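The primary structure of each chain is shown beneath.
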Amino acid sequence: MRNCFLCTLLAAFAFISIGNAAADEAKPMNVVFILADDLGWSDTELYGKTKLYKTPNILRLAELGCTFNRSYSNSPLCSPTRASFLTGQTPARHGSTQPRHHTANVILRAELAKRAKPSEKALPVVSATRLDTNLPTIGKLMRQAGYATGHFGKWHLGAAPYSPLQHGFDVDIPHHTGPGPGRTYVAPWTFKHIKENFPGEHIEDRMSEEAIKWMNEVSEDKPFFMNYWMFSVHGPWNAKESLIEKYKEEIDPDSEQRSATYAAMVHSLDDAVGALLDEIERKGIADNTVIIFTSDNGGNIHTRLPEGGGIPVTSNTPLRGGKASMREGGVRVPTIVIWPGVTTPGSRSDEIIQTSDFYTTILKGQGIALPEKHPVDGIDIRPALKGQKLDRDGIFTYFPCIVPVPEWLPPSMSVHSGNYKMVRVFHGGENGQHDYKLYDLSKDIGETNNLAAKMPERVERLDRMIENYLKETGAVIPVPNPSFDPKQFDPAAIGVRPRGRN
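For the structure given in this document, a descriptive report is provided here.

About the cut-offs
Residues numbered from 1 in each chain as written. Predicted model: local features only at pLDDT ≥ 70, side-chain atom pairs only at ≥ 80, totals over all residues. Heavy atoms only, no water. Axes fitted to C-alpha atoms, helices over the stretch in contact; angles between N-to-C directions. Helix = DSSP H or I, 4+ residues; strand = E, 2+ residues; numbered from the N terminus. Parallel < 35°, antiparallel > 145°, perpendicular 65-115°, else oblique. Left-handed = near helix turned anticlockwise from the far one by under 90°. Contact = heavy atoms within 4.5 Å. Nonpolar A, V, L, I, M, F, W, Y, C, P; charged D, E, K, R; others polar. Phe/Tyr/Trp six-rings, centres within 6.5 Å; stacked < 30°, edge-to-face > 60°. Buried < 20%, exposed > 50% of the residue type's maximum accessible area, 1.4 Å probe, protein only. Lys NZ or Arg CZ within 6 Å of the ring centre and 35° of its normal. Core = buried A, V, L, I, M, F, W, Y, C linked by side-chain atoms within 4.5 Å. Pairing = 2+ DSSP bridges. Polar contact = N/O pair within 3.5 Å; in protein donor to acceptor, adjacent residues only side chain to side chain.

A short note on the packing of helix 3 (residues 78-87) against helix 10 (residues 357-365)
Here is step 1: Running from N to C, helix 3 and helix 10 point in directions that differ by 25°, and their axes come no closer than 6 Å. When the axes of helix 3 and helix 10 are compared, the pair comes out roughly parallel. Seen along the crossing, helix 3 lies across helix 10 with a hand that is right-handed. Facing Phe-85, Leu-86 and Thr-87 of helix 3, the residues of helix 10 in contact are Phe-358, Tyr-359 and Ile-362.
Here is step 2: Taken together, the residues of the contact of helix 3 with helix 10 break down into five nonpolar, one polar and no charged.

In structure tokens:
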């Protein structure tokens, strides 16, 4: 009888343990999504490409999660990538192709330009200037699933009625809709809805402080989704004077990265990451919190700073190009994912991922159904987080715009598939045909050797992927410019920044 009683008691304890384990497994996880602004692939210590910039807290993230070596933004410019994270779609679907979302003209759908300069072979696409509030953004879906939702920092997808508050976020601080933090990072600021606590306060210090305050105000029985879109390291080019002076002592004049101001800006960005991580650990919620860190596009190499006689802001070497360019330097970005129970601390992945993947991954990972009648381009990358291969043919970058910066290309679209990257320049060839640039990134990360002429079958296959994707998305496609004048076309001007532009 006693043995039966013990068996019953043990079975009861086992049932309770299994029940508690199931409850823990089903418990929603907090999600912290950190998006840096203009932080290049070579701007952190993650990939061993910088000796000047110090990012110990980003390295802390890497020690806790999975670092992606081939992670891409959805665009070489900020607003399109931001819209892609929120919707799970590429710019080919949602229509935001350039950061025009602070302008007065309200456009909800991309459209073909009515004209172009006679020197341009194709008519570009005019970007949407607001993120349509009818779209099922991740903020809306997370809030509907019972999450507290907070947005902190930059937005740049439209002022009210297109602000974070209309896209699913309970809180929006500092409720600023411009392309950057105004005239300065260091107070006194020019924000309308937030004032400094003290002279000289840095906006990134304040944003991390506000995010932490909100996180601590969320009820303990409610999961939270924090959307922290950093102002750093977008212009204007200023920082804490003490940090600038510190980095002046560390400048190597022979290095391509030699701005003390930018080094100080990266330092403050990293400090903010550290403040968030410290608080998550202090609260004892690290084991139940997903943290994603990435950037909206590549580093800015086209702005020149007065220090050092007019040096570039940064360098993306060994990558070619930078922000606003379809080259690798414009779209390859630093990315880390910490997912307790999924990622192996200190791991790395060579799988190709894109910002829009985080929409699908976060929602599916939290057991939230993807919305009906809303096609998504992002895939669930949790297999890659576990060290496995992803089932995908490639990723697409749609940039049908003209932005003359170093290494710019006319209206273009690219596909990354395996080791290869191919760019289609719309109608950039002879007689209105497309022009193609094909690179084997496993051997030529700097995109110096165009293999298109040597590998026509691969070009054909990859171009077919682009064509099918354009049809499937219903994208607005550049067409030949009816006003094109061959006499005014200068092929040597492609990729060269016009004189006088910063």
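Resuming the write-up.
Some words on the packing of aromatic side chains
Here is step 1: Taken as a whole and assessed by the stated rule, the structure comprises twelve aromatic pairs.
Here is step 2: Relative to Tyr-47, the ring of Trp-41 lies with its centre 4.7 Å away and its plane at 20°, an arrangement referred to as stacked.
Here is step 3: For Tyr-47, a relative accessible area of 10% gives the class buried.
Here is step 4: Taken together, the ring pairs connect Phe-33, Phe-85 and Phe-358 into an aromatic cluster.
Here is step 5: The ring of Trp-41 is capped by Arg-332, whose NZ or CZ atom sits 5.4 Å from the centre of that ring.
Here is step 6: The side chain of Arg-458 reaches across the aromatic face of Tyr-420, ending 3.9 Å from its centre.

Structural notes on the nonpolar core
Here is step 1: Membership of the largest hydrophobic core comes to 58 residues, with the highest contact counts inside it found for Phe-224, Met-226, Leu-269 and Phe-293.
Here is step 2: In terms of residue count, the dominant contributor to this core is helix 8 (residues 260-282) (twelve residues).
Here is step 3: Apart from the residues lying within four places of it in its own chain, the contact partners of Leu-269 are Ala-36, Leu-39, Ile-58, Glu-204, Met-230, Ser-232, Val-233 and Phe-293.
Here is step 4: In this structure, Leu-86, Leu-135, Trp-229 and Leu-363 belong to the second largest nonpolar core, which totals 35 residues.

A look at the sheet that holds strand 2 (residues 66-72)
Here is step 1: Ordered in space as 7-6-8-1-9-12-2-13, the eight strands form an open sheet in which the pairing is mixed. In the strand order of this sheet, the two ends are held by strand 7 (171-173) and strand 13 (347-354), each with one partner. Going across the sheet, the axis of each strand differs from the next one's by a mean of 15°, ignoring polarity.
Here is step 2: Against the sheet, helix 3 contacts strand 1 (30-36) and strand 8 (224-229), and its axis sits at roughly 170° relative to strand 8.

With respect to the sheet that holds strand 17 (residues 435-440)
Here is step 1: Taken together, four strands build an open sheet; the order of strands is 14-15-16-17 and the sheet is antiparallel. Where the open sheet ends on each side, the last strands, each with one partner, are strand 14 (395-399) and strand 17. On average, each strand axis in the sheet is inclined to that of its neighbour by 15°, with strand direction left out of account.
Here is step 2: Sheet analysis places strand 15 (residues 412-417) next to strand 16 (residues 420-425), joined by six bridges and oriented antiparallel. Within the sheet, the bridge partner assigned to Ser-412 lies in strand 16 and is Val-425.

What to know about unusual backbone geometry
Here is step 1: Residue Pro-174 is bonded to the preceding Ile-173 through a cis peptide linkage, with omega at 15°.
Here is step 2: Here Pro-174 lies in the loop between strand 7 and helix 6 (203-217).
Here is step 3: The residue after Thr-317, namely Pro-318, is reached through a cis peptide bond having omega 15°.
Here is step 4: The residue Pro-318 is located in the loop between strand 11 (311-312) and helix 9 (328-331) in this model.
Here is step 5: A positive phi angle, near 70°, is found at Asp-38, a position not held by glycine.

Some words on the pairing of strand 2
Here is step 1: Judged by how many residues are buried, strand 2 sits mostly within the fold: seven of seven residues are covered.
Here is step 2: Both strand 2 and strand 12 (residues 335-338) contribute to a ladder of three bridges, which runs antiparallel. Bridging from a neighbouring strand, Cys-66 pairs with Val-337 of strand 12.
Here is step 3: Across six bridges, strand 2 lies against strand 13 in parallel orientation. Paired with Tyr-72 across the strands is Gln-354, a residue of strand 13.

A few points about the side chain of Lys-421
Here is step 1: Along the chain, Lys-421 falls in strand 16.
Here is step 2: For Lys-421, a relative accessible area of 0% corresponds to the buried category.
Here is step 3: Within the structure, Lys-421 has its side chain in polar contact with the side chain of Glu-328 (distance 3.2 Å).
Here is step 4: Within polar-contact distance, the side chain of Lys-421 engages the side chain of Glu-447 at 2.9 Å.
Here is step 5: When neighbours within four sequence positions are excluded, Lys-421 is seen to be in contact with Met-326, Arg-327, Glu-328, Ser-414, Val-415, His-416, Lys-437, Leu-438, Tyr-439, Leu-441 and Glu-447.

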